[in-house]
Amino acid sequence: MKETDLSSDLRQGAEPLLAIRDLRVAFSGVEVLHGIDLDLPKGETLALIGESGSGKSVLARSILGLAGSKNTTTGSIRFEGRELAGAPEKELRRIRGADISMIVQDAMAALNPMRTIGDQLIETIVYRHPDYRDRASERLLFEKKKELTELAISFLKQVGITAPEKRISSYPHQLSGGMRQRVVIALALSADPKLIIADEPTTALDVSIQAQIISLLKRLAHEHGASIMLITHDMGVIVETADRVAVLYSGEIV
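Residues numbered from 1 in each chain as written. Predicted model: local features only at pLDDT ≥ 70, side-chain atom pairs only at ≥ 80, totals over all residues. Heavy atoms only, no water.

Q: Sorry if this is basic, but what is going on with unusual backbone geometry here?
A: Backbone phi values are negative for most residues with the exception of glycine, while trans is the configuration of most peptide bonds. One non-glycine residue, A163, lies in positive phi territory at about 50 degrees. Considering the arrangement of structural elements, one finds A163 in the loop between α7 (146-158) and α8 (164-167). The partly exposed category is assigned to A163, whose relative accessible area is 40%. Residue D192 is not a glycine yet carries a positive backbone phi of 55 degrees. Following the sequence through the fold, D192 ends up in the loop between α9 (177-189) and β7 (195-199). Overall, the relative accessible area of 35% leaves D192 in the partly exposed class. (Helix = DSSP H or I, 4+ residues; strand = E, 2+ residues; numbered from the N terminus. Buried < 20%, exposed > 50% of the residue type's maximum accessible area, 1.4 Å probe, protein only.)

Q: Teacher, can you tell me more about the pairing of β7 here?
A: Consecutive side chains along a regular strand alternate between the two faces of the sheet. By the criterion of burial, β7 is predominantly enclosed, with five of the five residues buried. Neither face of β7 is left uncovered, since the one carrying L195, I197 and D199 and the one carrying I196 and A198 both have all their residues buried. As paired strands, strand β6 (residues 100-103) and β7 are joined by four bridges and run parallel to one another. Across the sheet, the residue bridging to I100 is L195, located in β7. With five bridges connecting them, β7 and strand β8 (residues 227-231) associate as parallel partners. Pairing of D199 across the sheet is with I231, part of β8. (Pairing = 2+ DSSP bridges.)

Q: Would you mind showing me how to read a nonpolar patch on the surface here?
A: Taken together, V245, V247, Y249 and V254 make up a surface patch of nonpolar side chains, about 360 Å² in accessible area. Position of V247 among the secondary structure elements: in strand β9 (residues 244-249). (Patch = residues over 30% accessible without salt bridge, like charges linked within 9 Å, V, L, I, M, F, W, Y side chains within 5 Å. Areas by Shrake-Rupley, 256 points an atom, 1.4 Å probe, with all protein chains shown as cover. Salt bridge = Lys/Arg side-chain N within 4 Å of Asp/Glu carboxyl O.)

Dropping the structure here:
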């Protein structure tokens with residue numbers, strides 16, 4: 001791990017991209033997150049580690065208001081100065097998958113098996129990319145435009161998909177596990193997000209593919225100027241990737 005100029009932003013008083021203060025989440029009256037305080041500056045990679053059941057995924061999903069319908073959340077989650085905790089669902093929908101993207105560990109479950117990866121990429125671009133998402137009346141026209149297909153192909157190229165012009169017509173089951181994970185990363189990047197939450201993005205992949213995916217994610221986040229919250233159990237990944245580490249144990253940052 002290395003200390004970067006970006007990390008010094010906190011010491012210099014710059015407002016972080018994501019600032020969490022005294023976050024508490026309870027399910028049916030049982031508290032599972034106990035007063036979380038966390039900062040993530042712009043352009044930084046923060047690794048969130050901890051044993052299974054420590055609350056990592058609950059924390060990640062709480063940022064997007066997706067912890068579940070039967071939870072009680074208190075505290076503050078500020079993203080670019082906007083308060084997300086308790087924000088209206090309409091506002092959160094505009095942020096999910098757009099300003100904040102999430103990469104899940106099960107790529108097959110994240111992709112629609114009945115639609116080609118090209119269809120899924122184009123739809124994400126139309127509904128989430130800042131150049132298109134606010135032009136609702138033109139969405140059906142956008143989806144048929146050649147420029148959208150070319151943009152989708154460009155995202156597949158960025159994540160290292162071979163022959164993207166052909167692969168864009170493939171269905172998820174026709175791709176290997178590593179390629180599906182690359183498609184999920186392409187979907188996350190296609191909205192030009194400011195924050196990427198990667199929840200165990202390499203769990204189901206073999207070691208060589210894991211290294212490729214992590215290297216790819218770090219490079220693309222740097223090129224796009226995005227911050228990353230990386231949830232992982234792999235200390236090797238952390239050493240190669242993270243600027244800072246937060247250790248979560250029994251719902252607390254220790």
